Amino acid sequence: ANDDMATLPQLAVQHVADSALREEIAALKQELAKIQERKEKLRAELAAVDTREHEVVAEIQMRKSSLRHIKEADPDDAASYASTINKFSHLCNILPPYPVMQPQPLAVVHTIAGPADEQSCTLQGCVFAQTVSTYPISHSTNVKLGTPICDRYSLQVCADGRTIICISDGCNWGKKPLEASRRASSKFVSSLIAAQSKITRISDAGALLLQALVEAHNEIVYDKTDVWEAGTTTLLGGFILPFKKGSGKKHGIVRSMSASCGFHQSKTMDTPSSDEPDGYACVLIGVGDCKAFHWSAAMHRITDITRGNRRNLNDPSDPGGRIGPFLEGGLPDLRNLCIYYQECSADDAILFVRWFARVASNAA
């Protein structure tokens, strides 16, 4: 009996040890099950990553192919260029055949582009540029509503007195209109820089402006697998060209030819002919509601060069036209596409602004 009583504690100890080991084994099995479950999830994630890797590589190759196709294409032979330029070629009829000053080699000597955090840009007291947002600051993010600013300005001054100017206003808020505005402005200006040596008369500028606008639209959408991934933007830009003309002509003429509103012309004023150059021609193309104004130093008068481009004052969301995908098939809205012509003198000023009343926000 005493021997039996002595073995009881031993059995109790063995039972406790056995139970503890069984619990540890059960816990380890649970942990093993979780590890195996996690491994399966990681395998699935790895498979998804591999699949996405192949998709990205394929997309890169497709975009490179598209880019090569665009770079190798001859714009003069492209149907989109030809059809647009031919359709609106009548807008160029307002441009006079006055000879312009011949461009010098490597003509671009000054460049201004922005915006840059609403900071102003100046050039030798002759140019001032700034984009400012008047939207309120969000209480939750402490950032201005509408950030980032989707406006864009660019100016290139050439050694021979020629100037290339462009402003664009991305339609709506966000990354898509910001990208559209930047792409359109950059491509429009680079197209005019490349082509400006072809201008020997003011009348030569019209077709180049139309071509630059087509290129700006194509630049917005060229690498999109779905054209509706791109944003839209308004745009106003063109040349200021020093020109020569015979005596007895008139300065201060404002003309524009629109696709929908036809020809209109302001009153003219006689000014004496001057030495080289005789004057400066502001030749612009616009789609949307960006504005340009001419200040005559001699007459102390401001003229709206883009008069009539903002017709629908009852709908603040309608700029009247835009490039980028908007109509069926991703086509641009060219309702108010227009070419403008303004003769200026050396002391005059040209003011470019985006339509500040549309949303009472940004002004460039």
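Worth saying up front: this structure is predicted, and the values here are computed from it rather than measured.

A. Region of interest: the overall build of the protein chain. Per the secondary structure count, the protein chain includes four helices and 17 strands. Taken over 364 residues, the protein chain has a buried fraction of 41%. For the protein chain, the accessible area works out to roughly 20,000 Å², and carbon and sulfur atoms hold 56% of it.

B. Main features of the sheet that holds strand β16 (residues 349-353). What the three strands build is an open sheet, ordered β12-β11-β16; its pairing is antiparallel. Two strands bound the open sheet, and with one partner strand each, they are β12 (301-304) and β16. Across this sheet, the average inter-strand angle for adjacent strands is 25°, counted without regard to direction. In this structure, strand β11 (residues 291-296) lies alongside β12, joined through four bridges in antiparallel fashion. Paired with Ser296 across the bridge in β12 is Arg301.

C. Examining the environment of Pro177 more closely. By secondary structure assignment, the location of Pro177 is in helix α3 (residues 175-195). Overall, Pro177 belongs to the buried group, its relative accessible area being 5%. For Pro177 and Asp151, which are 26 residues apart along the polypeptide, the C-alpha to C-alpha distance reads 8.9 Å. Sequence-distant contacts of Pro177, that is, excluding residues within four places in its chain, are made with Cys150, Gly170, Cys171, Asn172, Gly231 and Thr232.

D. Geometry of the nonpolar core. Ranked by internal contacts, the top residues of the largest apolar core, which has 39 residues, are Phe188 and Ile202. Formed by 19 residues, the second largest nonpolar core is a distinct cluster that contains Tyr153, Ile167, Ala292 and Ile305.

E. Spatial organisation of the packing of α3 against helix α4 (residues 205-221). As a packed pair, α3 and α4 sit with axes 8 Å apart at the nearest point and diverge in direction by 145°. The handedness of the crossing between α3 and α4 comes out as right-handed. Contacts between α3 and α4 pair Ala180, Arg183, Ala184, Lys187, Phe188, Ser191, Leu192 and Ala195 from the former with Leu208, Leu209, Ala212, Leu213, Glu215, Ala216, Glu219 and Ile220 from the latter. Among the residues making up the contact of α3 with α4, the classes are represented as eleven nonpolar, one polar and four charged.

F. Here's a closer look at the packing of aromatic side chains. Summed over the entire model, instances satisfying the criterion amount to one aromatic pair. Their ring planes at 20° and their centres at 5.5 Å tell us that Tyr98 and Phe243 sit as a pair that is stacked. Of this pair, Tyr98 sits in the loop between α2 (79-87) and β1 (108-114) while Phe243 sits in strand β7 (residues 233-243), and the two are 145 residues apart along the sequence. In this structure, Tyr98 and Phe243 share a single accessibility class: buried.

G. Just unusual backbone geometry, in detail. The phi torsion at Asn172 lies on the positive side, around 90°, for a residue other than glycine. The exposure class assigned to Asn172 is exposed, which follows from its relative accessible area of 61%.

H. Fine view of α4. Over its 17 residues, α4 runs 25 Å from end to end, which matches the ideal 24 Å to within 8%, given 1.5 Å per residue. Counting buried positions over the 17 residues of α4 gives 14, a clear majority of the element.

I. Broad picture of the pairing of strand β6 (residues 163-170). Of all eight residues in β6, eight are buried, a share of seventy percent or more. Here β6 shows a buried face lined by Thr163, Ile165, Ile167 and Asp169 and a second buried face lined by Ile164, Cys166, Ser168 and Gly170. Of the strand pairs in this sheet, strand β5 (residues 151-158) and β6 are connected by seven bridges, and their pairing is antiparallel. The residue of β6 that forms the bridge with Leu155 is Ile165. If you look at the hairpin formed by β5 and β6, you'll find four residues sitting between the two strands, and Gly161 has a positive phi there, around 100°.

J. Up close: a nonpolar patch on the surface. A cluster of nonpolar side chains, contributed by Phe326, Leu327 and Leu331, occupies part of the molecular surface with about 260 Å² of accessible area. Positionally, Phe326 belongs in strand β13 (residues 322-327).

K. Spatial organisation of α3. In this model α3 runs 30 Å from its N-terminal to its C-terminal C-alpha over 21 residues, within 8% of the 30 Å that 1.5 Å per residue would give. On its buried face, α3 is in contact with β5, β6, α4, β7, β10 (279-287) and β13.

L. Looking closely at the pattern of salt bridges. Per the counting criterion, the structure on display carries nine salt bridges. In this structure, the salt-bridge partner of Asp304 is Lys291, at a minimum N-O distance of 2.9 Å. Taken together, the residues span a long stretch of sequence, with Asp304 in strand β12 and Lys291 in strand β11 at a distance of 13 residues. Ionic contacts of the salt-bridge type, sharing partners, join the residues Glu179, Arg183, Asp223 and Lys224 into one network.

M. Spotlight on the confidence of the model for the protein chain. Looking at the protein chain as a whole, its pLDDT mean stands at 76, while 72% of the residues score no less than 70. Across residues 257-274, confidence stays below pLDDT 50; counting only partners more than four residues off in sequence or on other chains, it has 48 contacts.

N. Just the state of the cysteines, in detail. Evaluated as defined, the whole model comprises zero disulfides. Free cysteine Cys171: the closest other cysteine sulfur is in Cys290, separated by 8.7 Å.

Each value, and the rule that gives it
- Residues numbered from 1 in each chain as written.
- Predicted model: local features only at pLDDT ≥ 70, side-chain atom pairs only at ≥ 80, totals over all residues.
- Heavy atoms only, no water.
- Helix = DSSP H or I, 4+ residues; strand = E, 2+ residues; numbered from the N terminus.
- Buried < 20%, exposed > 50% of the residue type's maximum accessible area, 1.4 Å probe, protein only.
- Areas by Shrake-Rupley, 256 points an atom, 1.4 Å probe, with all protein chains shown as cover.
- Pairing = 2+ DSSP bridges.
- Axes fitted to C-alpha atoms, helices over the stretch in contact; angles between N-to-C directions.
- Contact = heavy atoms within 4.5 Å.
- Core = buried A, V, L, I, M, F, W, Y, C linked by side-chain atoms within 4.5 Å.
- Left-handed = near helix turned anticlockwise from the far one by under 90°.
- Nonpolar A, V, L, I, M, F, W, Y, C, P; charged D, E, K, R; others polar.
- Phe/Tyr/Trp six-rings, centres within 6.5 Å; stacked < 30°, edge-to-face > 60°.
- Expected span 1.5 Å × (residues − 1).
- Patch = residues over 30% accessible without salt bridge, like charges linked within 9 Å, V, L, I, M, F, W, Y side chains within 5 Å.
- Salt bridge = Lys/Arg side-chain N within 4 Å of Asp/Glu carboxyl O.
- pLDDT = per-residue confidence, 0-100.
- Disulfide = S-S within 2.5 Å.

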